[in-house]
Amino acid sequence: SAVETGIELSTSTDATVDGNSIDLGNFGIFAGETDKAVIQNNTIANIAFSSIEIAESNNVTVTDNTISNSDEVGIFIDNSDSTKVQNNQISESVLAGIEIILATNASLISNTISDSGSGAIFVLDSETITIQNNQVTDTATDITNDEIAGAIFLQEVVGTVDISGNTVTGTTGTNEFDGQGIVIGNSTGDIALTIDNNDINNNQGDGIGIALVFIFTTAPGDATADITITNNRIENNGATAPLRGDGIKIAVEEDGVINNLLIEDNTLTGNFDDGIDISAGLAQLATVLIPDPNLSSSNAQILNAVIRNNEVTDSLNGQGIILRSLGDNSNIVVSVEGNTLTNNVGGGLQAISTDTNGAPETRLCLALNNNTSDGNYTLTETLPVFFITSSRFSVVNRDGVDGANTGGVIFNPAIGSFDDVANIAACP
């Protein structure tokens, strides 16, 4: 029969909840102000709110439970420290399979999450998170309705974050930013982010999306990050109407800074848009046509970026790699080396520096070495109206870069033209 809570733990220590079957009720198992509890081997179905909820508790382990048909969330972690969620089977949650808010040191390991109605894993306002070896399938997203853009979606998460060994497939959504596999969005704070050895395929949006921006008030976002993206297999992501589906998309706006970025040894195949898309100040460029009072001028910085030894093939509507430094004071410093770029419809690589305002200076510094492409590398410095430019595109060993790569290099404007791409010995 229906009860408000199947099993409740309150202000307890070292409790174990094992082997129960709970059907119906507002909460299946609730643990509040509890220390060192173990919740394991339970079967929970048809719960009105959270099938398992952990609130203001420490060192709780949730393992080997089977959860289905939660009307809200399968497992909900609120304001708790050192929670481990492992080997659970979670299916058909109306909202998230696992939701974490105001938590520290949470670990989500080897869970199977299917048919979630609003993101599979959602983490908000939390610190030091591990998401490893989870199987995530058939997740619905709708950013206009519930602000959930991806199957694994982290927002305002700081400290060390490890997202490794997961499989994410079958994420759906109808809007431009829906349907993504793994998404991180920060407006402030510092994150040390590792995304390694994930299999991200057949999602309707981007495979991996990372954004440092704050567009909800006039205060500029000032998030900082160190990001490592390695050994991922990112395949067949995207959709048309609207067109979307970059393999890896990174966008920095306002006062956001990526201090170190490594994208290495990834395989990106058959994605609908670009293979790798990195931009600083792209949203500010859009406000030239449609002003947004909450989007501040771009001082976005992407520093010490290395894109190395990736295989990017069959991008259906875009580039293998696209780099864009835009906005008032945007800056990208990047080395692109040892990549194989094959059969990408838009070309091998496109790098663009342009300025939307005239001052201060927009900058892009590129080292391009030992890449192989069957499409061109197009390097463009865009001149704004009346040829008043404060954009500076520099290329290391500019005059030798054609010979340092396999595939044609196109400079726009041509070398020797007014305000062409500058030659430099090394990026700063």
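Everything quoted here is computed from the prediction, not taken from an experiment. (Residues numbered from 1 in each chain as written. Predicted model: local features only at pLDDT ≥ 70, side-chain atom pairs only at ≥ 80, totals over all residues. Heavy atoms only, no water.)

Participant: Could you clarify how one ought to interpret the pairing of strand 14 (residues 104–109) in this entry?
Facilitator: Put simply, side chains in a regular strand alternate between the two faces of the sheet. The pairing of strand 11 (residues 84–86) with strand 14 spans three bridges and is classified as parallel. Across the sheet, Val85 pairs through a bridge with Leu108, a residue of strand 14. In terms of strand pairing, strand 14 meets strand 16 (residues 121–132) through five bridges, oriented parallel. Opposite Ala106, over in strand 16, you have Ile129 as the bridge partner. (Pairing = 2+ DSSP bridges. Helix = DSSP H or I, 4+ residues; strand = E, 2+ residues; numbered from the N terminus.)

Participant: How should the layout of surface pockets be read in this particular structure?
Facilitator: If a probe as big as a water molecule is rolled over the atoms, it shows which places are left empty. Considering only enclosed or pocket space, the largest pocket measures out at about 1,200 Å³ in volume. Contributing to the lining of the largest pocket are 38 residues, with Ile143, Phe177, Ala211, Val213 and Ile215 lying nearest its centre. Among the secondary structure elements, those contributing two or more residues to the lining of the largest pocket are strand 18 (150–164), strand 20 (180–186), strand 23 (208–212), strand 26 (248–252) and helix 2 (282–286). With five residues, the top contributor of residues to the lining of the largest pocket is strand 20. (1 Å grid on protein atoms, 1.4 Å probe; cavity = no way out; pocket = protein on both sides within 12 Å on 5 of 7 lines; lining within 4 Å. Points joined across faces, edges and corners; volume = space filled by probe spheres on them.)

Participant: Looking at this structure, I do not really get the environment of Asp115. What am I missing?
Facilitator: With respect to the helices and strands, the residue Asp115 is situated in the loop between strand 15 (112–114) and strand 16. Given the relative accessible area of 38%, Asp115 is considered partly exposed. Taking the C-alpha atoms as reference points, Asp115 and Ser68, 47 residues apart in sequence, are found 9.9 Å from one another. Setting aside its immediate chain neighbours within four residues, Asp115 contacts Glu92, Ser93, Thr137 and Asp138. (Buried < 20%, exposed > 50% of the residue type's maximum accessible area, 1.4 Å probe, protein only. Contact = heavy atoms within 4.5 Å.)

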